[in-house]
Amino acid sequence: MVNKIVNNDFQAVKASKLAVVDFSAVWCGPCQMLAPVLEELSDEMAGEADFFNADSDANMELVREYRVTNIPALFIFKNGEKVAQQVGFLPKENLKKWIEENK
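Residues numbered from 1 in each chain as written. Predicted model: local features only at pLDDT ≥ 70, side-chain atom pairs only at ≥ 80, totals over all residues. Heavy atoms only, no water.

Looking at an unreviewed UniProt entry, one finds the chain named Thioredoxin, with Roseburia porci as its source organism. We quote the UniProt Sequence similarities (unreviewed entry) comment for the chain here in full: "Belongs to the thioredoxin family." (UniProt positions renumbered as here; feature names shortened; annotations may be inferred.)

As C-alpha cells, then:
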C-alpha cells in the first residue's frame, strides 16, 4: 500500500527504516503510469520498504525543501535521511533494482 502524505507531514517517512517517496501530480501522465507500479512494488516489498506518495500541488513545503523541479520524482530515505533520488518513469524491474541497490 502506498501511503498518502498530506499537509506536508513527513513524520512517517522520517520514522521508517526504508521509505520510497513519490512526488507526483494528478495532471502528470508519467506520474499516473508510475502509480500502479508503485502499488505493486509496495505489496511485493512489504516489510522491506514503506511507500509514500506526495501530491506536489498539495505539499509545496516538501517540494521546496527537497527541491523537486520535475515529476515524477522518487526519493529513497534510510532512517529519515535521503540517500537517493530519481526523476521520471521507470519500469517495475528497474525501479525495484534501484530500490534494492539503495537499501
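Closest axis-to-axis distance for the helix H2 (residues 29-44)/helix H4 (residues 92-101) pair is 10 Å, and the angle between their directions is 50°. As the angle between them shows, H2 and H4 are arranged oblique. Relative to H4, the crossing made by H2 is right-handed. Between H2 and H4, the contacting residues are Leu34, Val37, Leu38, Glu40, Leu41 and Glu44 on the first element and Lys92, Leu95, Lys96 and Ile99 on the second. (Axes fitted to C-alpha atoms, helices over the stretch in contact; angles between N-to-C directions. Helix = DSSP H or I, 4+ residues; strand = E, 2+ residues; numbered from the N terminus. Parallel < 35°, antiparallel > 145°, perpendicular 65-115°, else oblique. Left-handed = near helix turned anticlockwise from the far one by under 90°. Contact = heavy atoms within 4.5 Å.)

We now examine the nonpolar core. Ranked by size, the top nonpolar core spans 17 residues in total, and within it Leu38, Leu41, Phe51, Ile76, Leu95, Trp98 and Ile99 carry the most contacts. Counting only elements with at least two residues in this core, the list comes to strand S2 (18-24), H2, strand S4 (73-78) and H4. No other element matches H2, which puts four residues into this core. Each residue touching Phe51, except ones within four places of it in the same chain, is listed here: Met1, Val2, Asn3, Val20, Leu38, Leu41, Ser42, Met45 and Ile99. Counting 15 residues, the second-largest nonpolar core is a separate cluster that includes Phe10, Val63, Tyr66 and Ala73. (Core = buried A, V, L, I, M, F, W, Y, C linked by side-chain atoms within 4.5 Å. Buried < 20%, exposed > 50% of the residue type's maximum accessible area, 1.4 Å probe, protein only.)

In total, this model carries five salt bridges according to the counting rule given. Glu40 is paired through a salt bridge with Lys92; the nearest N and O atoms lie 2.9 Å apart. With Glu40 in helix H2 and Lys92 in helix H4, the pair connects residues that are 52 residues apart, well separated along the chain. When the shortest N-O distance is used, the salt bridge between Glu101 and Lys97 registers 3.9 Å. Residue Glu101 and its partner Lys97 are located together in helix H4, separated by four residues, close to a single helical turn. One continuous salt-bridge network, built from bridges that share partners, spans Glu40, Glu44, Lys92 and Lys96. (Salt bridge = Lys/Arg side-chain N within 4 Å of Asp/Glu carboxyl O.)

Let's shift gears to the sheet that holds S2. Ordered by their spatial adjacency, five strands build an open sheet running S1-S3-S2-S4-S5, and the pairing between neighbours is mixed. The sheet terminates laterally at strand S1 (2-5) and strand S5 (81-87), the two strands that pair on one side only. Direction aside, the axes of adjacent strands within the sheet are offset by 25° on average. Examined bridge by bridge, S4 and S5 share six bridges and lie antiparallel to one another. Note that in S5 the partner of Leu74 across the bridge is Gln86. (Pairing = 2+ DSSP bridges.)

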